[in-house]
Amino acid sequence: MAASLLEVRDVTKRFGGFRALNGVSLDVREGERFGLIGPNGSGKTTLINCISGALRNESGRISFRGCDVTRLPAHQRTRLGIARSFQIPKPFTSMTVLENLCIPLEYAARDVARADVVDEAMAILRRMSLEDKASLLPGRLTQVDMRRLELARAMAAKPRLLISDEAMAGLSSAEVDALLPILFALNEQGITIIMIEHIMRAVMRFSERIAVLDAGEKIAEGPPDEIVKNKDVERAYLGE
Amino acid sequence: MLSLDLLLNAIVAGILLGGFYAAVSLGISVAFGLLDIVNIAHPVFVVLGSYIAYALNSALGLDPLLTGLLGVPVFFALGVVVYRLYYASFEKTGEESLRGLVFFFGLLFIIEVALLLVYGVDYRMVEAAYIGDSLHIGSVGIALRLLVPCLVGIGMTVALYLVLSRTFWGRAIMAVSQDSQALRLMGANPVRIKTIAFGLSIATASLAGALLIVIGPVEPSIGREYIGRVFAIAVLGGMGSIGGTLAAGLILGVVETFTATYYGPSWALAVSFGILLVVLAVRPAGLFGR
Amino acid sequence: MKKGLPLLIAVGVLLAALVATRLVGNRYLYFAGYVIFQYVVLATAWNILGGYTGYVNFGTAGFFALGAYTATVLILAFKAPLPVQIVAGGLVSAVLGLGIGYLTLRLRGVFFSIATLALALVLQTFVMNWEYVGGAKGVSIIRPAAFPPFASYVEFLFFVMAALAVVSAMAAWWIENSWVGRGLAAIRDNEEAAECMGVPTLRLKLLATVVSGCFMGVAGAPFPYYVTLVEPVSAFSLDYAVNSLAMPMIGGTTTWIGPIVGAILLSTAQQVATVTISSELNLLIVGIVLVAFVLLAPQGIVGLVQRLAGRRRA
């Protein structure tokens, strides 16, 4: 069994009196394709906010590559190798698509020399089939290209772990089929991927292992074929 | 000498002042706390209310509080216009942070300079039966010009609290402040509700302005002294909590009066700034925050 | 833009200012020119935080006056020379920026703005109560004697302020075109995304606040020798807060040239206008123009020109 890349131990996050996460633990292995699912409001986005550093969990521990990152600010976690895309795309609106990628390349990617930033950004855009939109402002992109930009920008941080937060929400099934191979290809290059997704077809096909959250707690974890048969999961999604 | 009399007088005067501070800050608690609209021009709307009370008092001999009450619908309409402009130009396009702030700063500046041009730099005051008299309870003196604004301020707080918690529109405003997205899904129009709420917040400035000129003479730039105070109170009170606003107003009133009594009146202004910075640094949710 | 060009412009402006002192005899023009360059420094300084980062500072008057009063204390206590006053004024205001920034910049941007709104008034209260610098009455400062090649000390001050304007503009140019400026632009566009893309947002915001505050203090440091009577009301004048914000908003906030265009236009107009209309009416016009630009031309004059040029090309 491969070593854990990301270790989440008993993480609890409260908003006022509301427990958004209650003692959640996860292990994601190096090179794995990991799925995270759950009904709306189950705490998926809160959990990845805690992992990426946008939120601080009150108790519990998060380790990445063996170091405790629980108290690190988000930008330092990104430099260690955790990158994420946002569910609602948050591009840098005054910059071109190319310049959007230059920010993480300049600030987060450790092994990219300053002179190579633009070449590297173009290479990522080519991989995402965005190269002909490099000089556009994000406001002029289509929905699917906006999702691509969101993933491309996360890739530009040169992560070891990529967290894709509902990158396919609102896309047609043809568009989903176009995005999935890109994620598979990234994984083959050795990048560990956590996929948060509502589109079951995509997440089941993509993931090697899936964890299910419901009301802030992990109710199941295992390979996709076991998750499909799990009674608790069925209850969480369909109600009693 | 720290005599007991001085102490008692300071506490009483502070509480009286605090009730008035709450009246000035209610509009900010609604606009900033509930609607997330950083209306830094609010104190200047209050000063505008003072000058209207002054104009009608000196020309027609109208009671300033009556003028303040009559001004409520006018200020409500003014608030509606300002919000519509703000919404169409900034909030709709998500540019409220930089340009929206500058917009309100421009409004503040225009109103202040316009008052300066019309009325000059001299202090103006109003005449009413309850200005000048004092009650005496033992050794504690209570000036009516402080007592009346305090009572009206508390009355305004209670009224606003009832409006927000008991009426349909009030509950809608509270719902908007929680989650305007959900409201939109339910078919209600958050922009309409925010328009009403902002109108309400400016409407409080009419009465608060009348109270300001009852307490003491007013000049055009006096609003600047209240910018630090109203935001300190709104933040200390827990951003949008109406009861918290009153409590924070009372606290600030007492602390300021103590500072003025023991260190000199000019230091009172620094108190609200200090409180604001300390609250922001230590507990941004305020004392009475959710 | 080519690397050498800004340096060339900088040297050109300084030479022009120097030549002007040889040719122009009218003393009034030096006073007016000083004010215009002073506003170039203030507007540029404001824009480094406000325009590049999106954090609105309403307390320019406080930072400016702190520089002026630091210089005043140095003059009264040590008869310190002008360069020392400028460096010290800049440092003290930079520290003020660091303090306010550290307390409020971890929160939402509006809290920083609100704190700066109250700041100037509080600093003014302190100065009013400080007898050493004359309290509310102010203190008289004796201008040093002129020295060659300058015919008067005011000419020298004019040249110094021109140099400070050039330095601040070059600093803004450098920030804008470096990794710092790109990080600040990312913060302005979307702070959460910037942090998640590895931008150390808090550190960059503090840096911008410190640099911005420093130049405001620098602009205020020569003030005592310029006015010769330093008193709180004019040192903390609301003019500074309004103009330093209106000039970039009118000129355009995203480039270094915008604040300069705004400063030159607006302060020249004010210099001319004060002769004919009252200073209150003057300020009213600034306020109305500011609101008009914010509502109707949010990209400022530079943005309008760029759009016209772009349309012609297209």
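Residues numbered from 1 in each chain as written. Chains lettered and ligands numbered in written order. Predicted model: local features only at pLDDT ≥ 70, side-chain atom pairs only at ≥ 80, totals over all residues. Heavy atoms only, no water.

Caption draft 1: Expanded view of the nonpolar core. Ranked by internal contacts, the top residues of the largest apolar core, which has 207 residues, are Phe32(B) and Phe104(B). Apart from the residues lying within four places of it in its own chain, the contact partners of Phe32(B) are Ile37(B), Val38(B), Phe231(B), Val235(B), Met239(B), Val110(C), Phe111(C) and Ile114(C). In this structure, Leu98(A), Leu130(A), Ala156(A) and Leu179(A) belong to the second largest nonpolar core, which totals 48 residues. (Core = buried A, V, L, I, M, F, W, Y, C linked by side-chain atoms within 4.5 Å. Buried < 20%, exposed > 50% of the residue type's maximum accessible area, 1.4 Å probe, protein only. Contact = heavy atoms within 4.5 Å.)

Caption draft 2: Spotlight on the environment of Leu207(B). All names here are of chain B. Within the fold, Leu 207 resides in helix H8 (residues 190-215). Accessibility expressed as a relative area gives 13% for Leu 207, which makes it buried. The sequence separation of Leu 207 and Ala 23 amounts to 184 residues, and the corresponding C-alpha distance is 8.0 Å. The contact partners of Leu 207, leaving out residues within four places of it in the chain, are Leu 65, Gly 68, Leu 69, Val 72, Val 152 and Met 156. (Helix = DSSP H or I, 4+ residues; strand = E, 2+ residues; numbered from the N terminus.)

Caption draft 3: Quick peek at the arrangement of the chains. Most contacts, among the 2 pairs of chains that meet, fall between chains B and C. At the level of C-alpha atoms, the two units chain A and chain B stay apart, their nearest approach being 7 Å.

Caption draft 4: Highlighting the interface of chain C and chain B. At the junction of the two partners, chain C supplies 41 residues and chain B supplies 40 residues. With both chains or domains summed, chain C and chain B bury close to 3700 Å², and 85% of this area falls on carbon and sulfur atoms. Contact with chain B buries area across many residues of chain C, yet Ile114(C), Leu238(C) and Leu295(C) alone supply 14% of it, more than any other trio. The interface formed by chain C and chain B contains 0 salt bridges. In this structure, the connection of chain C to chain B is made through 1 residue pair in polar contact (both at pLDDT 80 or more). Mapped onto the side of chain C that touches chain B, the elements with two or more residues apiece are helix H2 (27-53), helix H4 (82-104), helix H5 (109-128), helix H12 (238-251) and helix H14 (279-296) of chain C. Take the side of chain C that touches chain B: its biggest share by element is 12 residues, from H5(C). Broken down by class, the residue content of the side of chain C that touches chain B amounts to 30 nonpolar, 9 polar and 2 charged. (Buried area = accessible area lost by both parts, 1.4 Å probe. Salt bridge = Lys/Arg side-chain N within 4 Å of Asp/Glu carboxyl O. Polar contact = N/O pair within 3.5 Å; in protein donor to acceptor, adjacent residues only side chain to side chain. Nonpolar A, V, L, I, M, F, W, Y, C, P; charged D, E, K, R; others polar.)

Caption draft 5: Representation of a nonpolar patch on the surface in the model. Where nonpolar side chains cluster on the molecular surface, the patch consists of Leu4(B), Leu7(B), Leu8(B), Ile11(B) and Ile15(B) and spans about 400 Å² of accessible area. If you trace the backbone, Leu8(B) turns up in helix H1 (residues 4-34). (Patch = residues over 30% accessible without salt bridge, like charges linked within 9 Å, V, L, I, M, F, W, Y side chains within 5 Å. Areas by Shrake-Rupley, 256 points an atom, 1.4 Å probe, with all protein chains shown as cover.)

Caption draft 6: Fine view of the packing of aromatic side chains. Following the criterion strictly, the structure yields 38 aromatic pairs over all chains and no others. With 5.9 Å between their ring centres and 65° between their planes, Phe32(B) and Phe111(C) make a pair best called edge-to-face. A residue pair is termed interchain when its members come from two chains, as with Phe32(B) in helix H1 and Phe111(C) in helix H5. According to the relative accessible area criterion, Phe32(B) is buried, its value standing at 0%. Ring centres of Tyr54(B) and Tyr119(B) lie 5.8 Å apart, and the angle between their planes is 80°; this geometry places the pair in the edge-to-face category. (Phe/Tyr/Trp six-rings, centres within 6.5 Å; stacked < 30°, edge-to-face > 60°.)

Caption draft 7: Just the domain arrangement of chain A, in detail. Residues and elements named next belong to chain A. When its domains are assigned, chain A resolves into domain 1 (4-81 + 161-238) and domain 2 (95-158). Distance from the C-alpha centre of domain 1 to the C-alpha centre of domain 2: 24 Å. In this complex, domain 1 contributes 16 residues to the contact, which on the side of domain 2 involves 13 residues. Interface of domain 1 and domain 2: buried area, both sides summed, is about 1300 Å²; carbon and sulfur atoms make up 70% of it. Counting across the interface, domain 1 meets domain 2 through 0 salt bridges. Looking at which element gives the most residues to the side of domain 1 that touches domain 2, the answer is helix H6 (residues 173-188), with 6 residues. Of the residues assigned to the side of domain 1 that touches domain 2, the class counts are 10 nonpolar, 3 polar and 3 charged. (Domains from an automatic or database assignment.)

Caption draft 8: Representation of the pairing of strand E9 (residues 209-214) of chain A. Residues and elements named next belong to chain A. Across the 6 residues of E9, 5 count as buried, placing the element largely inside the fold. Inspection of the sheet shows strand E3 (residues 33-37) paired to E9 by 4 bridges, in the parallel sense. The residue bridging Gly 35 from the neighbouring strand is Ile 210, located in E9. Note that E9 and strand E10 (residues 217-222) share 5 bridges and pair antiparallel. Bridging from a neighbouring strand, Asp 214 pairs with Glu 217 of E10. Where E9 folds back onto E10 in an antiparallel hairpin, the turn is made up of 2 residues, including Ala 215, whose phi is positive at roughly 50°. (Pairing = 2+ DSSP bridges.)

Caption draft 9: Region of the structure containing the sheet that holds strand E4 (residues 59-64) of chain A. Residues and elements named next belong to chain A. Reading across from one edge, E2-E1-E4-E5 is the order of the 4 strands in this open sheet, with antiparallel pairing throughout. The open sheet has two free edges, formed respectively by strand E2 (18-29) and strand E5 (67-68), since each of these has just one partner strand. As judged from the 5 bridges shared by strand E1 (residues 4-15) and E4, these two strands associate in the antiparallel manner. In the sheet register, Thr 12 faces E4, and the bridge partner there is Ser 59.

Caption draft 10: The arrangement of unusual backbone geometry in detail. Residues and elements named next belong to chain A. Even without glycine at this site, Arg 65 takes up a positive phi of about 50°. Of note, Arg 65 is situated in the loop between E4 and E5. You can call Arg 65 partly exposed: its relative accessible area is 39%.

Caption draft 11: Quick look at the environment of Val127(C). Residues and elements named next belong to chain C. Tracing the backbone shows Val 127 in helix H5. Judged by its relative accessible area of 8%, Val 127 falls in the buried class. In this structure the C-alpha to C-alpha distance between Val 127 and Tyr 69, which are 58 residues apart in sequence, comes to 8.5 Å. Beyond its immediate stretch of four places on either side in the chain, Val 127 contacts Tyr 69, Val 133, Gly 135, Pro 232 and Phe 236.

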